[in-house]
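Here's the letter readout for the chains.
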Amino acid sequence: MNFNLYKYILGISDNSLILGQRMGALTGHGPSLETDIACTNISLDLFGQVRSYYQYAAKIADDGRTEDDIAMLRKEREYLNVLLVEQPDTDFAFTMARQFLFDVYHLLFLTELQKNKDLTLSAIATKSMKEVSYHQRFSSDWIKRLGDGTEESHLKMQDAIDTLWTYTDELFHQTEADKIMVSEGIGVDVTKLKDNYYQKVNNVLEEATLKIPESKYFQKGGKEGIHTEHMGYLLSDLQYMQRTYPNMEW
Amino acid sequence: MSEEQIKNLEAQFEERIARDEKIEPKDWMPEKYRQTHIRQMSQHAHSEIVGMLPEGNWITRAPSLRRKVALLAKVQDEAGHGLYLYSATETLGISREEMYEQLHTGKAKYSSIFNYPTVTWADMGAIGWLVDGAAIINQVPLCSTSFGPYARAMVRVCKEESFHQRQGYEIMIKLANGTPEQKAMAQDALNRWWWPSLMMLGPTDAESIHTEQSMKWKLKRKSNDELRQQFIDQTVPQADLIGLTIPDPDLKWNEERQSYDFGEIDWEEFWQVVKGHGPCNKERMKARVGAWERGEWVRDAAMAYSEKQQARKEKQAV
């Protein structure tokens, strides 16, 4: 098995898995019916992507594991998502800020992944781009609405951006598998996306009358499987059925 | 308008309905017709929205990615149904906010079935199979009801509901053919959801207060008892097919009636839940009211932003 490719795929799809899990949990509890439907839709899109990636990862692993085994039966240390996507839904401003800070990265990443010589990854990227363009439009609109809405919403959105900002730098870290994949012409060099990312993010924040955080201290670890304390609880839900009733089909 | 004129209009109105013509929002209608439709349609919309909660409870814990995606899509459909039904009801001159207010204060009801807890994954199967099954039986006749916006909304709702029902039954098939533990989980869910599903079709005809008027306006085509019999006759063979047992020792095929005889429904339990004392009434309301209250600042911000944008546009135009 091409272990680096396998790990590389997990690095991409674990982000969608964990963010999809977060967004799915909000179904039925949104601030309005329209936003509720939109958040569920984002979750659905992300899980759709996740299935394509893990099915491909299962094929590469070729050890009898299925997409569900890969999604639901790893240890916490083996999940490779960035810390940003596992952050909790403190309020709707956090939900939208998390989504936005990820979407801008996600779209830039997929735009590059689309050009990949690995045809499966390229096809998944092309399909996902349409969805993620919509996610980015939706979350950017909410950054503006809440940033430039009422005084209360402005404060809440600023707090969410300030809090989550510390997790943005990790998006541009390269793991060993990333570096090898880049050298093989399959991986996307995420370090090259960074300037464009902050420029796009800053433009929206400015339009939303929000301050661009100045902090230079960032958190990392997710890509190496070292997560925040929120992760274990999220995984307890995600893995509940597979752990409680092993080796069954549903 | 004189009393005679009103009587004339009423007579014409009833004739239109008898001719199977659709009543549209701008047409004249008796106040009682309007109120009855607001009550029933908003109750229906509320049921969709509250109905998202028991199934939403399993989204994060669905056992496979395929099931998770299907469940998300299903719960999202329910939100969509709520949206069309609220919009259709708004054509009668009530706002969505007023309807929410009625739900949150307990003035408006929603289907009592959603006050039962979802305690295992098999409940996702049982709800799709039984609850959506009973809902379809209730709702198919509404596709030809007299009020146009309601009838049209129901055509779409029914198509999606029948997909949900198949999806629920498919979960049950998989469990019933699975390990002994899975089969037991399926049987346990059937045991808990069977009687509440029968209650969902409403009180017995003798106790039902709205039936006669509703029949005339085509809000109802069959009585509650007829619908219940139809549901039972349709569902028992489906349970047999997958080797599950309906939890009713009195259930027996009646050759003469070509229908199943069935046991006594515990109407005391039904009324207890309707009156707000079911296992989850308080939790469901708390979840709805909580989402609405937590969302207030978000909705206010969206409104303020849109006003600012509008003002900017106007300023630019000048």
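Basis of the calculations
Residues numbered from 1 in each chain as written. Chains lettered and ligands numbered in written order. Predicted model: local features only at pLDDT ≥ 70, side-chain atom pairs only at ≥ 80, totals over all residues. Heavy atoms only, no water. Helix = DSSP H or I, 4+ residues; strand = E, 2+ residues; numbered from the N terminus. Rg over C-alpha atoms; globule rule 2.2 N^0.38 Å. Buried < 20%, exposed > 50% of the residue type's maximum accessible area, 1.4 Å probe, protein only. Areas by Shrake-Rupley, 256 points an atom, 1.4 Å probe, with all protein chains shown as cover. Lys, Arg positive; Asp, Glu negative; His and termini not counted. Charge placed at Lys NZ, Arg CZ, Asp CG, Glu CD. Contact = heavy atoms within 4.5 Å. Expected span 1.5 Å × (residues − 1). Buried area = accessible area lost by both parts, 1.4 Å probe. Salt bridge = Lys/Arg side-chain N within 4 Å of Asp/Glu carboxyl O. Polar contact = N/O pair within 3.5 Å; in protein donor to acceptor, adjacent residues only side chain to side chain. Nonpolar A, V, L, I, M, F, W, Y, C, P; charged D, E, K, R; others polar. Core = buried A, V, L, I, M, F, W, Y, C linked by side-chain atoms within 4.5 Å. Phe/Tyr/Trp six-rings, centres within 6.5 Å; stacked < 30°, edge-to-face > 60°. Lys NZ or Arg CZ within 6 Å of the ring centre and 35° of its normal. Axes fitted to C-alpha atoms, helices over the stretch in contact; angles between N-to-C directions. Parallel < 35°, antiparallel > 145°, perpendicular 65-115°, else oblique. Left-handed = near helix turned anticlockwise from the far one by under 90°.

*Asks:* Help me understand the overall build of chain A in this model?
*Replies:* Check the secondary structure of chain A and you find 10 helices and zero strands. In sequence order, chain A lays out its α and β elements as α-α-α-α-α-α-α-α-α-α. For 250 residues, the compact-globule formula gives about 18 Å, and the C-alpha radius of gyration of chain A, at 18 Å, lands near that figure. Principal-axis analysis of the C-alpha atoms places the extent of chain A at approximately 55 × 40 × 30 Å. Looking at chain A residue by residue over its 250 residues, the buried ones come to 61%. On chain A, roughly 10200 Å² of surface is accessible, and the fraction owed to carbon and sulfur atoms is 50%. Across chain A, the mean location of the 26 positive side-chain charges is 4 Å away from that of the 38 negative side-chain charges.

*Asks:* Before we go on, may I ask you to explain the overall build of chain B in this structure?
*Replies:* Check the secondary structure of chain B and you find 12 helices and two strands. In sequence order, the secondary structure elements of chain B are arranged as α-α-α-α-α-α-α-α-α-β-β-α-α-α. The C-alpha atoms of chain B give 22 Å as radius of gyration, which agrees with the globular expectation for 318 residues (20 Å, within 12%). Each of the three principal axes of chain B carries a C-alpha extent, and together these read 75 × 50 × 30 Å. Counting all 318 residues of chain B, 54% fall into the buried class. In chain B, the proportion of contacts linking residues at least 24 apart, taken out of those at least 6 apart, comes to 76%. Side-chain charges of chain B comprise 42 positive and 47 negative groups, with the mean position of each set lying 7 Å from the other.

*Asks:* I keep staring at helix 11 (residues 281-294) of chain B and nothing clicks. Help me out?
*Replies:* Residues spaced three or four apart along an α-helix point in a common direction, a consequence of the helix completing one turn every 3.6 residues. Residue and element names in this part refer to chain B. Taking 1.5 Å of rise per residue, 14 residues should cover 20 Å, and helix 11 covers 20 Å from first to last C-alpha, within 8% of that figure. Within helix 11 the residues assigned to the buried category are Asn 281, Arg 284, Met 285, Ala 287, Arg 288, Gly 290, Ala 291 and Trp 292. Buried positions along helix 11 lie against helix 2 (31-56), helix 4 (96-104), helix 10 (267-277) and helix 12 (296-317).

*Asks:* Which parts of the structure should I look at to understand the interface of chain A and chain B?
*Replies:* Interface size is often expressed as the accessible area that is lost when the parts come together. The interface is formed by 47 residues belonging to chain A together with 49 residues belonging to chain B. Of the roughly 4100 Å² buried between chain A and chain B, counting both surfaces, carbon and sulfur atoms make up 68%. The three residues of chain A that bury the most area against chain B are Leu 33, Leu 44 and Trp 250 of chain A, which together make up 18% of that side's buried surface. Counting across the interface, chain A meets chain B through four salt bridges. The closest approach of N and O atoms between Lys 174 of chain B and Glu 249 of chain A, which form a salt bridge, is 3.3 Å. Where chain A meets chain B, there are 16 residue pairs in polar contact (both at pLDDT 80 or more). For the side of chain A that touches chain B, the element with the most residues is helix 2 (residues 33-61) of chain A, which contributes 12 residues. Each residue belonging to the side of chain A that touches chain B can be placed in one class, and the counts come to 21 nonpolar, 13 polar and 13 charged.

*Asks:* When you look at the nonpolar core in this model, what are you seeing that I'm missing?
*Replies:* Across soluble globular proteins, you tend to see nonpolar side chains buried next to one another. Ranked by size, the top nonpolar core spans 177 residues in total, and within it Leu 17, Phe 109, Leu 113, Met 157 and Tyr 197 of chain A together with Trp 121 and Trp 194 of chain B carry the most contacts. For this core, the leading source of residues is helix 2 of chain A, giving 16 residues.

*Asks:* Help me out: how do you make sense of the packing of aromatic side chains in this one?
*Replies:* How two aromatic rings sit relative to each other is given by the distance of their centres and the angle of their planes. Scanning the model with the defined rule gives 25 aromatic pairs over all chains in all. Relative to Trp 58 of chain B, the ring of Tyr 240 of chain A lies with its centre 6.1 Å away and its plane at 50°, an arrangement referred to as tilted. Placement of the pair is Tyr 240 of chain A in helix 10 (residues 231-244) and Trp 58 of chain B in the loop between helix 2 and helix 3 (65-90), with the two residues belonging to separate chains. For Tyr 240 of chain A, a relative accessible area of 30% gives the class partly exposed. Members of the aromatic cluster, each reached through a chain of ring pairs, are Phe 102, Tyr 105, Phe 109, Trp 165, Phe 172, Tyr 197 and Tyr 198 of chain A. Positioned over the ring face of Trp 297 of chain B is Lys 156 of chain A, at 4.9 Å from the centre of the ring. Over the ring of Trp 292 of chain B we find Arg 299 of chain B, and its NZ or CZ is 3.3 Å from the ring centre.

*Asks:* Hey, could you run me through the packing of helix 2 of chain A against helix 3 of chain B in this one?
*Replies:* Helix-helix packing is described using two parameters, namely the angle between the two axes and the distance between the axes. For the pair helix 2 of chain A and helix 3 of chain B, interaxial distance at closest approach is 10 Å and the crossing angle is 160°. Classified by the angle between their axes, helix 2 of chain A and helix 3 of chain B sit roughly antiparallel to one another. Read as a crossing pair, helix 2 of chain A and helix 3 of chain B show a hand that is left-handed. Contacts between helix 2 of chain A and helix 3 of chain B involve Leu 33, Glu 34, Ile 37, Thr 40, Asn 41, Ser 43, Leu 44, Phe 47, Val 50, Arg 51 and Tyr 54 of chain A from the former and Leu 65, Arg 66, Lys 68, Val 69, Leu 72, Ala 73, Gln 76, Ala 79, Gly 80, Gly 82, Leu 83 and Tyr 86 of chain B from the latter. Of the residues assigned to the contact of helix 2 of chain A with helix 3 of chain B, the class counts are 13 nonpolar, six polar and four charged.

*Asks:* Explanation requested: the side chain of Asn 81 of chain A in the structure shown.
*Replies:* All names here are of chain A. Tracing the backbone through its elements, the reader meets Asn 81 in the loop between helix 3 (67-72) and helix 4 (83-86). In terms of polar contacts, Asn 81 uses its side chain to reach the side chain of Glu 86, at 2.9 Å. In contact with Asn 81, other than residues within four places in its own chain, are Asp 14, Asn 15, Ile 18, Glu 86, Gly 222, Lys 223, His 227 and Met 231.

*Asks:* Can you help me understand the environment of Arg 67 of chain B in this one?
*Replies:* Residue and element names in this part refer to chain B. Note that Arg 67 resides in helix 3. When its relative accessible area of 3% is taken as the criterion, Arg 67 is described as buried. A sequence separation of 100 residues divides Arg 67 from Gln 167, and the C-alpha atoms of the two residues are 9.6 Å apart. Looking at Arg 67, its side chain comes within polar contact range of the side chain of Glu 170, at 3.0 Å.

*Asks:* Even after reading the chapter, I still don't get the packing of helix 6 (residues 119-147) of chain A against helix 7 (residues 151-165) of chain A, so can you show me in this structure?
*Replies:* Residue and element names in this part refer to chain A. Here helix 6 crosses helix 7 at 130°, and the two axes come no closer than 7 Å. As the angle between them shows, helix 6 and helix 7 are arranged oblique. The segment helix 6 lies against helix 7, with Trp 142, Ile 143, Arg 145, Leu 146 and Gly 147 engaging Ser 153, His 154, Met 157 and Ile 161. A breakdown of the residues in the contact of helix 6 with helix 7 according to their chemical character gives five nonpolar, three polar and one charged.

*Asks:* Explain helix 4 of chain B here, please?
*Replies:* Along helix 4 of chain B, the positions that sit buried rather than exposed are Arg 96, Met 99, Tyr 100, Gln 102, Leu 103 and His 104 of chain B. Of the surrounding secondary structure, the elements contacted by the buried residues of helix 4 of chain B are helix 2 of chain A together with helix 2, helix 3 and helix 11 of chain B. Taken from the residues just after helix 4 of chain B, Gly 106 of chain B is the one with a positive phi, measuring 85°.

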